[in-house]
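Commentary on secondary and tertiary structure
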Amino acid sequence: MDHRPYFFLSYAHTPRYGAGGPDPDMWVERLFRDLCGHVMAMTDLPAGAPAGFMDREIRSGEGWSERLGEVLANCRVFVPLFSPRYFASEMCGKEWYAFAQRAIYHQAKSNRPAEAIVPALWVPMPPDQLPGPAERLQFNHQAFGDRYVTDGLYGLIKLRIFAEEYEAAVYELAKRIVAVADTTRVTPGSPVDYRHAPSAFGKSAGPRPMHLTIAAPTHHDLPDGRAPDYYGKQSQEWNPYHPDSARPLAYVARDLVSSLDYQPTISSFDHETLPDPGLPPTRPEILVVDRWALVDDRRCARLAAFDAHPRPWATVVVPWNRDDPQSRHSEAELAERLERTMPHQMNHGRPACRAAARGVFSIEAFGQILPQVVEASAQEYLRHAEVYPPAPPPGAGSRGERPRLRGPMADYGTTQYVPDTLRGTAPDAEDTDDSQS
């Protein structure tokens, strides 16, 4: 029998008003107890089995990050309590990412979506204030009652006149948790190292582009004798981790990048026009390379041309399945060919980027290293993209307010200093649409 916690209640701790003051999180604890009571009543969980989990339960002396990672890897449903404080919390963003990664792996291996995040409104949140991962959730809060939508659970639990509305909303929320847990069945995963996990909420409210380019053969141009099981009609359909994964890697990567609050686009390297090396970048990029792609001389020459001019904002990732007999047999030869073709990309950048270029041997390892590669590409993009500060308002003197930067630096929410050499007009980022899913 499955005795995993039905839900993980993720919330932002509220600081006390002062020494000895009341604990504002006592209302969250009451909500948690009420949800657990309903879940126990609706299921066959035996006495003593955990119905839910919230991090206030961690015992003194227990490894905090290890315990969180373990529960997030095994709970059935993730219940975030929406509030402005929640989306400003890096810790809450880490919890969201750790659970969302499990759902992405589940879909990759089964080719079936796993929507196991059930949000709750602690306080009302306008849609335009939600980060991308929360905004993309298709969830009808109206089903929990009109007063719940306008006041949130905090408003209902604090005011006695709304006691009936609170009970109804919590009951409906518990029913939704049980229904999702029993129908979705997200596969348990390996615990994420919570201390080093990225946040799902990004660092700014602006758009954050990230482009994925796939350099891989298709069914039409496979090397002689290469098994077709890993390929499709387009480069984007390459699935290097078959049969462990049932989904093309490009779309797994897109979902992982989206879960970091970026706006990813995908294209085939064969159809990309190599950028003018004299122009500033328009977006950070990740080039995902199949070593078998280098058997084609034309593609090999284009990859060499790409590498000829340093592009720190473009990072190479090389997925490589050693359980594939052909790849294992040809690994040394193809790795040497890639090293000879793209020496700069293979040997420069942060340690995580160099590790990603040397070979990523499983879909889980791909998911673990991709956030580091995304962050490295984004930071290098910020260093090299041109920005242009707005003109000061009429009449502003030399001691007037300094203008805020717009464009790439503002979009990524950085406070990084921008030297005069990086000023100019940044061209609009090209958006390559990916119609496959």
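In case you missed it, the structure is sitting above this.
A brief structural summary. (Residues numbered from 1 in each chain as written. Predicted model: local features only at pLDDT ≥ 70, side-chain atom pairs only at ≥ 80, totals over all residues. Heavy atoms only, no water.)

Side note on helix 6 (residues 146-158)
Worth spelling out the cut-off: Numbering goes from the N terminus for both helices and strands, where a helix is a DSSP run of H or I of at least four residues and a strand is a run of E of at least two. Helix span is expected to be 1.5 Å times the residue number reduced by one. Only protein chains enter the calculation, and the probe is 1.4 Å; a residue is then buried if its accessible area is under 20% of its type maximum, exposed if over 50%, and partly exposed in between. Any two residues whose heavy atoms approach within 4.5 Å are treated as being in contact.
If you check helix 6, its first and last C-alpha atoms are 17 Å apart, about what 13 residues at 1.5 Å a residue would give, namely 18 Å. Along helix 6, the residues classified as buried are Tyr-148, Gly-152, Leu-153, Gly-155, Leu-156 and Ile-157. Taken together, the buried residues of helix 6 touch helix 1 (26-42), strand 3 (77-82), strand 4 (120-121) and helix 7 (163-184).

Looking at the sheet that holds strand 7 (residues 285-289)
Applicable threshold: Here, a strand pair is defined by DSSP locating no fewer than two bridges between the strands. Throughout, an axis means a line fitted to C-alpha atoms (over the contacting stretch in the case of helices), and angles, computed between N-to-C directions, take values from 0 to 180 degrees.
The strand order 6-5-7-8 describes an open sheet built from 4 strands, whose pairing is parallel. This sheet does not close on itself; its edge strands, each paired only once, are strand 6 (263-268) and strand 8 (314-317). Across the sheet, the mean angle separating the axes of adjacent strands is 20° when strand polarity is ignored. Of the strand pairs in this sheet, strand 5 (residues 209-215) and strand 7 are connected by 5 bridges, and their pairing is parallel. In the strand pairing of strand 7, His-211 is matched with Glu-285.

Quick look at empty space enclosed by the protein
In plain terms, the rule: Space inside and on the surface of the protein is sampled on a 1 Å grid over the protein atoms alone, with a cavity defined as a set of points where a 1.4 Å probe fits but cannot get out and a pocket as an open set with protein on both sides within 12 Å along at least 5 of 7 lines; lining residues have an atom within 4 Å of a point. Grid points are joined across faces, edges and corners, and a volume is the space filled by probe spheres set on the points. For this scheme, ten residues count as nonpolar: Ala, Val, Leu, Ile, Met, Phe, Trp, Tyr, Cys and Pro. Four count as charged, namely Asp, Glu, Lys and Arg, and the remainder, Gly too, count as polar.
For the structure on display, the rule yields 1 cavity of 30 Å³ or more. Here the largest cavity is characterised by a volume of approximately 60 Å³. Around the largest cavity sit Arg-226, Tyr-230, Tyr-231, Trp-238, Pro-240, Asp-290, Trp-292, Pro-319, Trp-320, Asn-321, Asp-324 and Ser-327, which together line it. Taken together, the residues of the lining of the largest cavity sort by class into 7 nonpolar, 2 polar and 3 charged.

Some details on the side chain of Ser-377
Short version of the rule: By the criterion applied in these results, polar contacts are pairs of N or O atoms within 3.5 Å in which, for protein atoms, one can donate a hydrogen and the other can accept it, and in which residues neighboring in sequence qualify only through two side-chain atoms.
With respect to the element layout, Ser-377 can be found in helix 13 (residues 363-384). On the basis of relative accessibility, which here comes to 0%, the residue Ser-377 falls in the buried class. Engagement of the side chain of Ser-377 in a polar contact is seen with the side chain of Thr-315, the distance being 2.7 Å.

A few points about the layout of surface pockets
The space that makes up the largest pocket amounts to roughly 840 Å³. Lining the largest pocket are 32 residues, with Tyr-97, His-196, Ala-197, Pro-198 and Pro-371 positioned closest to its centre. Of all elements in the fold, only helix 4 (90-110) and helix 13 reach the threshold of two or more residues within the lining of the largest pocket. For the lining of the largest pocket, the element with the most residues is helix 4, which contributes 9 residues. Across the lining of the largest pocket, the residue classes tally to 12 nonpolar, 11 polar and 9 charged. Its boundaries defined by the atoms lining it, the second largest pocket holds a volume of some 710 Å³. Lining the second largest pocket are 25 residues, and of these Ile-104, Glu-115, Pro-133, Arg-136 and Leu-137 lie nearest its centre. Elements with a contribution of two residues or more to the lining of the second largest pocket: helix 4, helix 7 and helix 8 (249-258).

A short note on the packing of aromatic side chains
Where two aromatic rings form a pair, the distance of their centres and the angle of their planes describe that pair. Applicable threshold: Whether two aromatic rings pair depends on their centres lying within 6.5 Å, for rings of Phe, Tyr and Trp, where Trp uses its six-membered ring; planes under 30 degrees apart make the pair stacked, over 60 edge-to-face, and the rest tilted. Whether a charge sits over a ring comes down to the Lys NZ or Arg CZ being within 6 Å of the ring centre and within 35 degrees of the ring normal.
All chains considered together, the criterion is met by 15 aromatic pairs. Here Phe-82 and Phe-87 contribute two aromatic rings whose centre-to-centre distance is 5.0 Å and whose plane-to-plane angle is 65°, an arrangement assigned as edge-to-face. In this structure, Phe-82 and Phe-87 share a single accessibility class: buried. Each ring, one from Phe-87 and one from Phe-201, has its centre 5.1 Å from the other, and the planes form 70°; the classification is edge-to-face. Placement of the pair is Phe-87 in helix 3 (residues 84-87) and Phe-201 in the loop between helix 7 and strand 5, with a sequence separation of 114 residues. As far as the burial class goes, Phe-87 and Phe-201 line up, both buried. Site record: aromatic cluster; members linked through ring pairs are Phe-8, Phe-53, Phe-78, Phe-82, Tyr-86, Phe-87, Trp-96, Phe-99 and Phe-201. Over the face of the ring belonging to Phe-361 we find Arg-322, whose NZ or CZ atom lies 3.8 Å from the ring centre.

Focus: the sheet that holds strand 2 (residues 52-53)
The strand order across the open sheet formed by 4 strands is 2-1-3-4, and the pairing between neighbours is parallel. The open sheet has two edge strands with one neighbour each: strand 2 and strand 4. The strands touched by helix 4 are strand 1 (7-10) and strand 3; relative to strand 3, the strand with the most contacts, the crossing angle is about 155°.

Brief notes about the pairing of strand 1
Consecutive side chains of a regular strand alternate in pointing toward one face of the sheet and then the other. Residues Phe-7 and Leu-9 of strand 1 are buried on one face, and the alternating residues Phe-8 and Ser-10, pointing to the opposite face, are buried as well. Of the strand pairs in this sheet, strand 1 and strand 2 are connected by 2 bridges, and their pairing is parallel. Paired with Phe-7 across the two strands is Gly-52, which belongs to strand 2. Relative to strand 3, strand 1 runs parallel, the two sharing 4 bridges. Across the sheet, the residue bridging to Ser-10 is Pro-80, located in strand 3.

Examining the environment of Pro-119
Here Pro-119 lies in the loop between helix 4 and strand 4. Spatially, the C-alpha atoms of Pro-119 and Asn-140 are 9.7 Å apart, while their sequence positions differ by 21 residues. For Pro-119, the contacting residues outside a window of four places in its chain are Pro-80, Phe-82, Leu-137, Phe-139, His-141, Tyr-148 and Leu-173.

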